Amino acid sequence: MKEPFNLEDCQKLAANDPATWLVEVREAINECINKTNTSVVSADLSEGLEITEGPLAGVPYGLKDLFDFAGVPTHNSSVFPELVDKPVEEDSELVLKLKSFGASCAAKTQMNEFAYGLSGENPHYGDCPHPRLEDCLSGGSSSGSAHMVAAGYLPLAFGTDTGGSIRVPAAWCGIYGIRWVPGYFMKGAFPLAKSFDTMGWFTRSATEMATVLKAWFDNESDPATGSIASSALIPKDLIDPEICGVLEQAVHVFDPMIDHSLTVRLETLLPECNRAFNILQSSEAYALHKGWLESQAELYDPQVKQRLLRGKDWTDEEMAWAESIQGQIKSWFENYFEQYDCLILPACPVPSIPPSESSADLREKMLRLTTPASLAGLPVLTIPVMLDEKRSVGLQFIFKEVAVRVPLSILGLCKSI
């Protein structure tokens, strides 16, 4: 592969020279497999690509391996025979939508097993590497999708975000990511926790993210992007001191209000949000996996199994408390959106790490930043903030509803970062 795949160039090549387009897509997928073995690509689908009509015609994309793609197993980066050995019969709702846009699925991508992790680690297929930092992780759970976009193998890839699984890899890999709301185009996707699971995607640039957004929302002609009202919170007790100043400088590009009268309450809720999310998510996930945990526990990634097993022991009092915290954070955001279009928070506390530094403590710090939006079921656009040529963190822009105005407005300012 000579150059990273650019979305616009991909479309032009597909229109003008489809044979060369097909060769270059296949070469890109093969190069990724040769470099990363099984840690990024779950299934190579580039042999069967076709170019059809639509606003994303000629755009090859990656698909996280929990979305159904007819004729291919959906195995969730697990080794469960019931999944690995069983091709599915129908396309997921997301794949059908993308077919209507003319986009072509070139690969299914690896992930943390059953999407239960934020690091990109997987003992079955290999830890997903960072695209630029040797011996560091991509972030997860949408690890393979983020890697393929950041490394330039594909211009677009889809993932899911339950508790940060698009936001963290977007931040660590230095790319753009968006998550929507629970249930939105999730039919035909293997769930982790249905009431929290969201669909979303990655692009390498703000321009490409805007292109996909406009296509997704039926090419709305120049919606009123204009200025947006935002406030920001940078919780310094959670963020590595090295990056606090960089994030604060990046935030100022968006000219936010620093409304302590509102954000002080949110900051006090962050630890409670984290614990409440852990309780509610793991209880849903355990209910789904209970049968396998009883009959095939040895097949699980040990870390994933440990997270799942938490879900069986929560008391009624703990569940009620978690639901109360969820209600409080939803109310906080309802009040907040009466005055503001979006809230800016860091997407992660540190840049990418090697596997040896992937700890429970770091995971909990990450979740304090990501779970407010998850508990409230809100969409989030994540933009990268580069620390140097290779390392990055990110800012998450939490907004109110599935719509295109706010994310396009944010993207219009990103060239100043």
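Analysis parameters
- Residues numbered from 1 in each chain as written.
- Predicted model: local features only at pLDDT ≥ 70, side-chain atom pairs only at ≥ 80, totals over all residues.
- Heavy atoms only, no water.
- Helix = DSSP H or I, 4+ residues; strand = E, 2+ residues; numbered from the N terminus.
- Rg over C-alpha atoms; globule rule 2.2 N^0.38 Å.
- Contact = heavy atoms within 4.5 Å.
- Areas by Shrake-Rupley, 256 points an atom, 1.4 Å probe, with all protein chains shown as cover.
- Phe/Tyr/Trp six-rings, centres within 6.5 Å; stacked < 30°, edge-to-face > 60°.
- Buried < 20%, exposed > 50% of the residue type's maximum accessible area, 1.4 Å probe, protein only.
- Lys NZ or Arg CZ within 6 Å of the ring centre and 35° of its normal.
- Core = buried A, V, L, I, M, F, W, Y, C linked by side-chain atoms within 4.5 Å.
- Pairing = 2+ DSSP bridges.
- Polar contact = N/O pair within 3.5 Å; in protein donor to acceptor, adjacent residues only side chain to side chain.
- Expected span 1.5 Å × (residues − 1).
- Bend = angle between axes of the 7 residues up to and from the residue.

Draft legend 1. Spotlight on the overall build of the chain. Secondary structure summary: the chain contains 13 helices and ten strands in total. The C-alpha atoms of the chain give 20 Å as radius of gyration, which agrees with the globular expectation for 417 residues (22 Å, within 12%). Overall, the C-alpha framework of the chain stretches about 60 × 55 × 35 Å when taken along its three principal axes. The long-range share in the chain, meaning contacts at least 24 apart out of those at least 6 apart in sequence, stands at 76%. Summing over all exposed atoms, the chain offers an accessible surface of approximately 16200 Å²; the carbon and sulfur share of this is 49%.

Draft legend 2. Quick look at the packing of aromatic side chains. Within this structure, the stated rule accounts for 25 aromatic pairs. With a centroid separation of 4.7 Å and 40° between ring planes, the pair formed by phenylalanine 80 and tryptophan 292 is classed as tilted. Here phenylalanine 80 is found in the loop between strand 2 (60–64) and helix 3 (81–84), whereas its partner tryptophan 292 is found in helix 9 (residues 260–295), with 212 residues between them in sequence. Under the relative-accessibility criterion, phenylalanine 80 is labelled buried at 0%. Both rings, one in phenylalanine 185 and one in tryptophan 216, keep their centres 5.0 Å apart while their planes meet at 70°; by these two values the pair is edge-to-face. You can see phenylalanine 185 sitting in the loop between strand 5 (176–179) and strand 6 (198–203) and its partner tryptophan 216 sitting in helix 7 (residues 206–216), a full 31 residues away along the chain. On the basis of relative accessibility, which here comes to 17%, the residue phenylalanine 185 falls in the buried class. Cluster of aromatic residues (ring-pair linked, three or more members): Tyr61, Phe101, Phe158, Trp180, Tyr184, Phe185, Trp201, Trp216, Phe217 and Phe399. The ring of phenylalanine 69 carries the charged tip of lysine 99 above its face, separated from the ring centre by 5.7 Å.

Draft legend 3. Representation of the nonpolar core in the model. Counting 119 residues, the largest nonpolar core has Met199, Trp201, Leu213, Trp216 and Leu411 as its most contacted members. Here the element with the most residues in this core is helix 9; it accounts for 13 residues. If we ignore the near neighbours within four places in the chain, the residues touching leucine 213 are Ile178, Trp180, Trp201, Val404, Pro407, Leu408 and Leu411. Listed in part, the 18 residues of the second largest apolar core include Trp21, Leu22, Val40 and Val41.

Draft legend 4. Spotlight on the pairing of strand 2. By the criterion of burial, strand 2 is predominantly enclosed, with five of the five residues buried. Where burial is concerned, the two faces of strand 2 agree: the one with Pro60, Gly62 and Lys64 and the one with Tyr61 and Leu63 are both buried. In terms of strand pairing, strand 2 meets strand 3 (residues 104–109) through five bridges, oriented parallel. For tyrosine 61, the partnering residue across the bridge sits in strand 3 and is cysteine 105. Relative to strand 4 (residues 156–161), strand 2 runs parallel, the two sharing three bridges. For tyrosine 61, the partnering residue across the bridge sits in strand 4 and is leucine 156.

Draft legend 5. Geometry of the side chain of threonine 36. Summarising the element assignment, threonine 36 is placed in helix 2 (residues 18–36). On the accessibility criterion, threonine 36 (11% relative accessible area) is buried. Reaching out from threonine 36, the side chain makes a polar contact with the backbone oxygen of cysteine 32 at a distance of 2.6 Å. Discounting chain neighbours no more than four positions away, the residues touching threonine 36 are Pro129 and His147.

Draft legend 6. Quick look at helix 12 (residues 360–376). If you check helix 12, its first and last C-alpha atoms are 24 Å apart, about what 17 residues at 1.5 Å a residue would give, namely 24 Å. If you look at helix 12, its biggest bend is around 50°, right at threonine 370, and the proline proline 372 turns up within four residues after that. Judged by how many residues are buried, helix 12 sits mostly within the fold: twelve of 17 residues are covered. Among the residues making up helix 12, those that are buried are Leu362, Arg363, Met366, Leu367, Leu369, Thr370, Thr371, Pro372, Ala373, Ser374, Leu375 and Ala376. Among the residues trailing helix 12, glycine 377 stands out with phi positive, at a value near 65°.

So far we have only geometry, and geometry alone does not tell us how the molecule works.
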